Amino acid sequence: METHGPLGTLWVSFGLIAFYLALIWLNSLLGMFLTPLFMIPGTWLLDWRKRRKGELKEDSET
């Protein structure tokens, strides 16, 4: 069996730590920036449905 010693183990562990930190960072950015892209049109659709049912006035902004 081939061994790479303690330096190889440290090198791989630093690489894995960097990978998982980047993954967490990317997932948090996606959550922060993509959520409003779905929430804002969703509120527009809800307002449109309420206006269509007559629950919301036509000239109302909210």
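Residues numbered from 1 in each chain as written. Predicted model: local features only at pLDDT ≥ 70, side-chain atom pairs only at ≥ 80, totals over all residues. Heavy atoms only, no water.

Caption draft 1: How the structure looks around the overall build of the chain. The secondary structure content of the chain amounts to one helix and zero strands. Taken against the 2.2 N^0.38 rule, which gives 11 Å for 62 residues, the C-alpha radius of gyration of the chain at 25 Å runs more than 25% over that of a compact globule. C-alpha atoms of the chain, sized along the principal axes, occupy 75 × 20 × 10 Å. Taken over 62 residues, the chain has a buried fraction of 2%. When the accessible surface of the chain is summed, it comes to about 6200 Å², and 72% of that surface belongs to carbon and sulfur atoms. In the chain, 6 positive and 6 negative side-chain charges are present, and the distance between their average locations comes to 11 Å. (Helix = DSSP H or I, 4+ residues; strand = E, 2+ residues; numbered from the N terminus. Rg over C-alpha atoms; globule rule 2.2 N^0.38 Å. Buried < 20%, exposed > 50% of the residue type's maximum accessible area, 1.4 Å probe, protein only. Areas by Shrake-Rupley, 256 points an atom, 1.4 Å probe, with all protein chains shown as cover. Lys, Arg positive; Asp, Glu negative; His and termini not counted. Charge placed at Lys NZ, Arg CZ, Asp CG, Glu CD.)

Caption draft 2: Broad picture of the packing of aromatic side chains. Under the definition given, this model contains one aromatic pair. Judged by centre distance (5.1 Å) and plane angle (70 degrees), the ring pair of Phe19 and Tyr20 falls under edge-to-face. Look at Phe19 and you get partly exposed, because its relative accessible area is 47%. Its relative accessible area of 47% is what places Tyr20 among the partly exposed residues. (Phe/Tyr/Trp six-rings, centres within 6.5 Å; stacked < 30°, edge-to-face > 60°.)

Caption draft 3: Quick peek at the environment of Gly54. Inspection of the secondary structure puts Gly54 in the segment after helix H1 (5-53). A relative accessible area of 59% means that Gly54 is categorised as exposed.

Caption draft 4: Broad picture of H1. The terminal C-alpha atoms of H1 lie 71 Å apart, and with 49 residues this matches the ideal 72 Å at 1.5 Å per residue to within 8%. Backbone geometry just downstream of H1 places Gly54 in the positive-phi region, at approximately 90 degrees. (Expected span 1.5 Å × (residues − 1).)

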